[in-house]
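# Descriptive structure summary
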Amino acid sequence: MSTKNQKKVAIIGAGITGLYLAWKLCQKGFKVTVFERKKEIGKTACSGLFSKRILDFIPESRSLIENQIKYVLLNFPKKTLKLRFSKEFLVMSHYGLDNLVALLAKKEGVEIILGKEVNFFPQEFDKIIGCDGALSSIRKLLKLKEPEFRLGIQAFVPESDFSEFVEVWPTKQGFLWRIPRGKETEYGIMDAVDSAKELFNSFLNERNIKVNELSSALIPQGFIVPSNSHITLCGDAAGLTKPWSGGGVVWGLVAADILLKNFPDFLKYKERVEKFFLPRISFSKIATKSVYFLGFRMPWLLFKNFKIESDFLL
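Criteria and thresholds
Residues numbered from 1 in each chain as written. Predicted model: local features only at pLDDT ≥ 70, side-chain atom pairs only at ≥ 80, totals over all residues. Heavy atoms only, no water. Helix = DSSP H or I, 4+ residues; strand = E, 2+ residues; numbered from the N terminus. Rg over C-alpha atoms; globule rule 2.2 N^0.38 Å. Buried < 20%, exposed > 50% of the residue type's maximum accessible area, 1.4 Å probe, protein only. Contact = heavy atoms within 4.5 Å. Lys, Arg positive; Asp, Glu negative; His and termini not counted. Charge placed at Lys NZ, Arg CZ, Asp CG, Glu CD. Expected span 1.5 Å × (residues − 1). Polar contact = N/O pair within 3.5 Å; in protein donor to acceptor, adjacent residues only side chain to side chain. Pairing = 2+ DSSP bridges. Core = buried A, V, L, I, M, F, W, Y, C linked by side-chain atoms within 4.5 Å. Phe/Tyr/Trp six-rings, centres within 6.5 Å; stacked < 30°, edge-to-face > 60°. Lys NZ or Arg CZ within 6 Å of the ring centre and 35° of its normal. Salt bridge = Lys/Arg side-chain N within 4 Å of Asp/Glu carboxyl O.

### So, the overall build of the chain
From N to C terminus, the chain includes 7 helices and 14 strands. The C-alpha atoms of the chain give a radius of gyration of 20 Å, which matches the 20 Å a tight globule of 314 residues would have. The dimensions of the chain, computed from C-alpha atoms along their principal axes, are 65 × 35 × 35 Å. The buried share of the chain, taken over its 314 residues, is 54%. Pairs at least 24 residues apart make up 70% of the contacts formed inside the chain by residues separated by at least 6 positions. Computed over 47 positive and 33 negative side-chain charges, the inter-centroid distance for the chain is 5 Å.

### A short note on helix H3 (residues 94-108)
Compared with the 21 Å implied by 1.5 Å per residue over 15 residues, the 21 Å span of H3 between its first and last C-alpha is a close match. Buried within H3 we find His94, Gly96, Leu97, Asp98, Leu100, Val101, Ala102, Leu104 and Ala105. Considering only its buried residues, H3 is in contact with helix H1 (16-27), strand E3 (49-51), helix H2 (54-57), strand E6 (111-114) and helix H6 (249-262). Sitting at the amino-terminal end of H3 is Ser93, which places a side-chain oxygen 3.4 Å from the backbone nitrogen of Tyr95.

### Notes on the pairing of strand E7 (residues 127-130)
Residues of E7 alternate between two faces, with Lys127 and Ile129 on one and Ile128 and Gly130 on the opposite face, all of them buried. Pairing geometry for strand E1 (residues 8-12) and E7, over 4 bridges, is parallel. The partner of Ile11 across the bridge, within E7, is Ile129.

### A short note on the nonpolar core
Within the largest apolar cluster, 67 residues are counted, with the highest numbers of intra-cluster contacts made by Ile11, Val32, Ile54, Ile58, Ile129 and Phe277. Of the residues forming this core, the biggest block, 10 residues, is contributed by H6. Excluding anything up to four places from it in sequence, Ile54 contacts Ser61, Leu90, Met92, Leu97, Val249 and Leu253. The next biggest cluster of nonpolar side chains, apart from the first, holds 18 residues, and it includes Leu74, Leu81, Trp177 and Leu302.

### Quick look at the side chain of Asn67
Position of Asn67 relative to the elements: it lies in strand E4 (residues 67-76). Within the structure, the side chain of Asn67 is placed 2.9 Å from the backbone oxygen of Ser163, a separation counted as a polar contact. Looking at Asn67, its side chain comes within polar contact range of the main-chain oxygen of Pro180, at 3.0 Å. If sequence neighbours within four positions are ignored, Asn67 has contacts with Phe89, Leu90, Val91, Asp161, Phe162, Ser163, Pro180, Arg181 and Gly182.

### A word on the packing of aromatic side chains
The full count for this structure, using the stated rule, is 20 aromatic pairs. Above the ring of Tyr71, the side-chain terminus of Lys82 is found at 4.3 Å from the ring centroid. The ring centre of Phe312 lies 5.8 Å from the NZ or CZ of Arg280, which sits over that ring.

### So, the pattern of salt bridges
Taken as a whole, this structure holds 13 salt bridges when the rule is applied. A salt bridge links Glu309 to Arg53; the nearest nitrogen and oxygen atoms lie 2.7 Å apart. Of this pair, Glu309 sits in the segment after strand E14 (305-308) while Arg53 is found in the loop between E3 and H2, placing the two residues 256 residues apart along the sequence. Like Arg53, Glu309 is buried. The residue Glu206 makes a salt bridge to Arg207 at a minimum N-O spacing of 3.6 Å.

### Considering the side chain of Ser61
Within the secondary structure, Ser61 sits in the loop between H2 and E4. Residue classification places Ser61 among the buried positions, given a relative accessible area of 0%. One polar contact links the side chain of Ser61 to the main-chain carbonyl oxygen of Ile58, over a distance of 2.7 Å. Apart from residues no more than four positions distant in its own chain, Ser61 is found in contact with Ile54, Leu55, Met92, Leu97 and Leu100.

In structure tokens:
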């Protein structure tokens, strides 16, 4: 593709989905500019717990692995379930992953502009992709509905732990967790915005756990992709996070690959991404509600051991 005929693409948001799209679009010959409102790259308020599928998208991320997780212990009040994964989960630094992909994108020729908040549609670009997170400005400019939000909070204990399992304590509207990160241990919660902090503090106090400074982030949930041939959304901006865990990295990358396969046809992307995700979102919501209902009210009906698909449940 000649320089004269290169399509110009603006990606708003230098999170993992935006950077991955920029990297791959630049490889395809498009001229890509990424705008990021923060002055540095790297998400810090994230557990960085990804299935091995992450290596299919970013093989170079193997160097970031801190620990490997084979199963989760789901601790209901009267029964503990053991959930084994079809693909092991890898503990990585999300901050490190973002910066790794930013480096790969820059090597391909992507321009990344930091400290630039975009609250308008850049006019000089052929295509605009909003990857600007939970509180997406692009989503607001398109006057689309807002997703539902939950609050994720995490903190760390300087306690080395290379265990191969995560522990989870379900709550009425989410769950608490403990993740062995190798050189340290992470505790956290995902729950309703107005109750997460109080629940987390109670959990820590009951167990006499002293943690470092808390960090938090909003977690969007609700699939939102516009019917627009010029502007679209991907990743957290599109509300693409797992209903049962709030994780959005692999889902965002899967959506990014669907976008890449259909680029520059945003309407076909919308059709294909809806066809892929909507059934999986519906199934996972039903499955999560069912397990929670039985776990709290009729735990004797649940098997103690399950095997589940790591990212999609089916």
